[in-house]
Amino acid sequence: CYCGHDCSRCLTFLATLEDNADLRQQVTAFYRNTFHMELEEAEVFCLSGHSEQVMKLCRDCPWMTCAKSRNLVACSACGVYPCQPLADYMEAYVNKCNQAGP
């Protein structure tokens with residue numbers, strides 16, 4: 001993803017690639033328990049942060065919007081990387097949740 005999430009370990013991405021109902025259930029439970037968000041299993045669909053088919057929660061991603069507006073392939077290619085909002089987000093979430101093991 002633009003922010004640095006590793007899609008290859010993301011349970012949402014893996015559930016999509018593998019068409020895995022068990023992983024979709026894990027993802028919906030994660031979002032329910034962590035962010036108090038209710039998702040339908042059918043909404044657990046993402047073909048990576050660089051695709052046009054990202055999970056609905058990522059469609060308005062500020063990092064993606066910013067990087068695209070600057071014609072960057074990722075936030076890490078920006079001259080002010082990481083900006084403070086991204087640094088805060090990375091500290092809390094990037095590659096720390098909704099991830100398959102190493």
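Read on for an overview of the structure. Because the structure is predicted, anything quoted here is derived from the model rather than measured.

## Details of the side chain of Gln99
Along the polypeptide, Gln99 turns up in the segment after α4 (84–92). Setting aside chain neighbours within four positions, we find Gln99 in contact with His5, Asp6, Arg9, Cys10 and Leu11.

## A few points about the packing of aromatic side chains
Under the defined criterion, the tally for this structure stands at six aromatic pairs. Relative to Tyr93, the ring of Phe35 lies with its centre 5.5 Å away and its plane at 50°, an arrangement referred to as tilted. Placement of Phe35 in helix α2 (residues 21–35) and of Tyr93 in the segment after α4 is noted, with a sequence separation of 58 residues between them. Its relative accessible area of 30% is what places Phe35 among the partly exposed residues. For the pair Tyr89 and Tyr93, a centre-to-centre distance of 5.4 Å together with 45° between the ring planes defines the contact as tilted. According to the relative accessible area criterion, Tyr93 is partly exposed, its value standing at 29%. Through a chain of ring-to-ring contacts, three or more aromatic side chains come together here, namely Phe30, Tyr31, Phe35, Trp63, Tyr89 and Tyr93.

Rules of the game
- Residues numbered from 1 in each chain as written.
- Predicted model: local features only at pLDDT ≥ 70, side-chain atom pairs only at ≥ 80, totals over all residues.
- Heavy atoms only, no water.
- Helix = DSSP H or I, 4+ residues; strand = E, 2+ residues; numbered from the N terminus.
- Contact = heavy atoms within 4.5 Å.
- Phe/Tyr/Trp six-rings, centres within 6.5 Å; stacked < 30°, edge-to-face > 60°.
- Buried < 20%, exposed > 50% of the residue type's maximum accessible area, 1.4 Å probe, protein only.

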